[in-house]
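Next come the chains, spelled out residue by residue.
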Amino acid sequence: LDATLDRAQSTAVFRVFQELLTNVARHSAASRVQVVFDRSDDCYVLSVSDDGKGITREDVDDPASLGIIGMRERLRPLHGTIEFRQRRPRGTTVRVTVPAW
């Protein structure tokens, strides 16, 4: 993988990655975490999946979820996105996408 992110991109993606791992440790009760970082077409994609209890739509949309709000705010200036998906039968996958400039 030729990952050449600029300083702002690499800092934002790293901080989001830290927050995701913190959330897994604090909330998920997971025993396994899988991390994939790749370049897909014209963007970088970070995917963090766990086998924990799973995140609910209410958790994702909760205005008191400051960690999620903070991750979205970090990605906004980079035109990045973050998506949360429940995995079946258990777990969560979070996909972070940042355009490659």
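Cut-offs used in this document
- Residues numbered from 1 in each chain as written.
- Predicted model: local features only at pLDDT ≥ 70, side-chain atom pairs only at ≥ 80, totals over all residues.
- Heavy atoms only, no water.
- Patch = residues over 30% accessible without salt bridge, like charges linked within 9 Å, V, L, I, M, F, W, Y side chains within 5 Å.
- Areas by Shrake-Rupley, 256 points an atom, 1.4 Å probe, with all protein chains shown as cover.
- Salt bridge = Lys/Arg side-chain N within 4 Å of Asp/Glu carboxyl O.
- Buried < 20%, exposed > 50% of the residue type's maximum accessible area, 1.4 Å probe, protein only.
- Helix = DSSP H or I, 4+ residues; strand = E, 2+ residues; numbered from the N terminus.
- Expected span 1.5 Å × (residues − 1).
- Arc of directions from axis to C-beta.
- Contact = heavy atoms within 4.5 Å.
- Polar contact = N/O pair within 3.5 Å; in protein donor to acceptor, adjacent residues only side chain to side chain.

1. Focus: a nonpolar patch on the surface
A contiguous nonpolar patch, built from Leu21, Val33 and Val35 and spanning about 210 Å² of accessible area, is present on the exposed surface. Residue valine 33 is classed as partly exposed on the basis of its relative accessible area of 41%.

2. Regarding helix 1 (residues 7-28)
The terminal C-alpha atoms of helix 1 lie 30 Å apart, and with 22 residues this matches the ideal 32 Å at 1.5 Å per residue to within 8%. Listing the buried residues of helix 1 in full gives Gln9, Ala12, Val13, Val16, Leu20, Asn23, Val24 and Ser28. Burial along helix 1 is one-sided: seen end-on, the buried residues are contained in an arc of 115 degrees. Facing away from the buried side of helix 1 by over 90 degrees, the exposed positions are Arg7, Ala25 and Arg26. As for helix 1, its buried residues are in contact with strand 1 (33-40), strand 2 (43-50), helix 3 (66-75), strand 3 (81-86) and strand 4 (92-99). Of the residues flanking the start of helix 1, the one acting as N-cap is aspartate 6, its side-chain oxygen 3.1 Å from the backbone nitrogen of alanine 8. Looking one or two residues past helix 1, alanine 29 carries a phi angle of roughly 60 degrees, positive in sign.

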